[in-house]
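Letter by letter, the chains look like this.
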Amino acid sequence: MKRSIIIVLSSLFIGFGFLGFTTDNDGFELSKQIEIFVTFYKRLNQNYVDQTNPAELMNIAIKAITDEMDPYTKFWTEQDIIASKIRSSGQYTGIGAGVFEKDKRLFISEPFKDFPADKSGLKAGDEIIKIDDILVSDFEGEAKELLKGEAGSKVVLTYKRQGKTQITSVNRSLVDVAAVPFYKLLSDNTAYIVLQKFNKKASAETIAALKELKARGADKVILDLRGNPGGLLVEAVNVCNIFIPKNQLVVYTESVIKASNKVYKTKKEPIDTEIPLVVLVNGRSASASEIVSGVMQDLDRGVVVGARSFGKGLVQTYRPLVYNTKLKVTSSRYFIPSKRCIQALDYWHKDKNGKPKRIKNSDYKAFKTLNSKRTVYDGGGVSPDIEIEATKRSGLANALIKEKAIFNFATQYHHNNKFDRLTDFDFKDSDFQDFKSYLKTINFTYETKTEKSLDEAMTYAIKEKMDKNINNEYQSLLKRINTFKQSALKTQEKEIKNLLINEILKRYFYREGMYEYNTLKSDEIITAQAVLNNTTRYNKILGKSN
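From a predicted model like this one, the values you see are computed outputs, not experimental measurements.

Each value, and the rule that gives it
Residues numbered from 1 in each chain as written. Predicted model: local features only at pLDDT ≥ 70, side-chain atom pairs only at ≥ 80, totals over all residues. Heavy atoms only, no water. Patch = residues over 30% accessible without salt bridge, like charges linked within 9 Å, V, L, I, M, F, W, Y side chains within 5 Å. Areas by Shrake-Rupley, 256 points an atom, 1.4 Å probe, with all protein chains shown as cover. Salt bridge = Lys/Arg side-chain N within 4 Å of Asp/Glu carboxyl O. Helix = DSSP H or I, 4+ residues; strand = E, 2+ residues; numbered from the N terminus. Buried < 20%, exposed > 50% of the residue type's maximum accessible area, 1.4 Å probe, protein only. 1 Å grid on protein atoms, 1.4 Å probe; cavity = no way out; pocket = protein on both sides within 12 Å on 5 of 7 lines; lining within 4 Å. Points joined across faces, edges and corners; volume = space filled by probe spheres on them. Nonpolar A, V, L, I, M, F, W, Y, C, P; charged D, E, K, R; others polar. Pairing = 2+ DSSP bridges.

**Q** Can you walk me through a nonpolar patch on the surface in this structure?
**A** On the surface, Phe-40, Leu-44, Tyr-48 and Val-49 cluster together into a nonpolar patch covering about 420 Å² of accessible area. As for its placement among the helices and strands, Leu-44 is situated in helix H2 (residues 24-47).

**Q** Looking at this structure, I do not really get the pattern of salt bridges. What am I missing?
**A** Any two side chains of opposite charge can pair if their charged atoms end up close together. Scanning the model with the defined rule gives 28 salt bridges in all. For the salt bridge of Glu-127 with Arg-105, the shortest nitrogen-to-oxygen distance reads 2.8 Å. Taken together, the residues span a long stretch of sequence, with Glu-127 in strand E5 (residues 127-131) and Arg-105 in strand E4 (residues 105-111) at a distance of 22 residues. The closest approach of N and O atoms between Arg-340 and Asp-298, which form a salt bridge, is 2.8 Å. Of this pair, Arg-340 sits in the loop between strand E18 (326-335) and strand E19 (345-350) while Asp-298 sits in helix H8 (residues 288-298), placing them 42 residues apart in sequence. Residue class for Arg-340 comes out buried when judged on its relative accessible area of 1%.

**Q** Where do I start with the layout of surface pockets in this structure?
**A** Left-over empty space is what a probe sized like a water molecule reveals as it rolls over the atoms. A volume near 1600 Å³ is recorded for the second largest pocket. Lining of the second largest pocket is provided by 44 residues; of these, Arg-358, Arg-393, Gly-395, Asn-398 and Lys-449 occupy positions nearest its centre. For the lining of the second largest pocket, the elements supplying multiple residues, two or more each, are E19, strand E20 (356-358), helix H9 (395-402) and helix H12 (449-463). Looking at the lining of the second largest pocket element by element, the count peaks at five residues for H9. Among the residues making up the lining of the second largest pocket, the classes are represented as 14 nonpolar, 15 polar and 15 charged.

**Q** Got a minute to help me understand the sheet that holds strand E10 (residues 182-185) in this structure?
**A** Backbone hydrogen bonds hold the strands of a sheet together, and the pairing may be parallel or antiparallel. In spatial order, the strands read E10-E11-E12-E15-E16-E23; together these six strands make up an open sheet with mixed pairing. Both outer strands of the open sheet, E10 and strand E23 (386-387), are each paired with one neighbouring strand and no more. Pairing analysis gives four bridges linking strand E15 (residues 277-281) to strand E16 (residues 303-306), with the strands arranged parallel. The partner of Val-279 across the bridge, within E16, is Val-304.

Dropping the structure here:
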């Protein structure tokens, strides 16, 4: 094992180490540090008082190194590489359901319509306790991987629903994950298209949806990128190409590594460069989603509606290592046509606690759009042309999602209520009161960022012997924060209700029902339609003359 680790380090040095180093001194320094590390690692394992686990120690070392860089630089095992290929292709073989693990327990989060899990009767909220003869609680590793297998193979699942243990047999199949899970011609002849991920099928599915809707009379477009975490950079370019001409600059990357400096332009003839366009984004629209929305904004091609996007302006590349492993490394920053980079966090200049600094609003730099010379800004995602407050995700909402409070209440609601048609669904005020009561039964609580900061400040105050002098003010602030938290469910009721409704609708009518419902109820979609149907306002936002 020790010898193999040394081989890995040597391969890293030979195959990757000199990339990006421009002087002999740089190469010598890297060689010197690797030699020190290999010697240290070997001596530690040979001389430590107890038996060591070389693989575990190396994993700790690698993780410590990558954690110092940014969240996207990772060491990938063979399993990680396979998972990445699945995400990019949009296909895998399995039971056809979203799952999540929590505290060594495995749950169905969402059975996909008409796939094996759905046909076998599995529901969101079901806890899988046994996969064939393997108890999930005893399994070391990710139990969800046991659900995958060859198409046509059978897996027997033992699961719990409302305290009752049941068994079902599922025949695995090829699962085709749609990049565009929903599209519809709205009543005002607006083509509404949901693009949920940038896999290899993203542009093709978006084009197919747009062509179909145009053939049915669509003369306006809403492209919904809310919650889209990104994916393939080339597919972001291809989606932009749907609405902008061939040979148009979309994005370019810059790095100290010259090989990572690239320019990406559109390569095909567009589908429609004139059709009025609105792009929807929120705080979970990242990376490729920000390229598309940012480019449409920079080129004055479409109006962006929603909330400021995530702010990921970093590009990753993959470098092969030995033993079927890879290094996923942040190799450059991307810039959109206005020459702005929308990266929000500075991972290379951290605060005293080792956390990356967020670029302050006051430090945002102004840029100009290419045609109308409107002012746009860098430093923290794409800021929408029309901002909708309700689109922003609050700390309370994040805590409710993280603790699965919304998910579990939706499961409970589904078991207690029956709806056969989407038009029959109505989430009443009494249902929201039930949710608040439910939170009390599970003793839900959460810590705000402000509380964390105060606690940290008090820790330093104790060290500096200032705590007695500021304790009264500290306690007073804590009481005010607690008062705010108690009222948050009321002040943020609309946001929480929307999250509950979306989760509940998926239980009855799958994602299609959720999207269908939102075409009539979503503030962002309603606002987008209003803008598209008001030519004067649409043109004014984009700096065009009527």
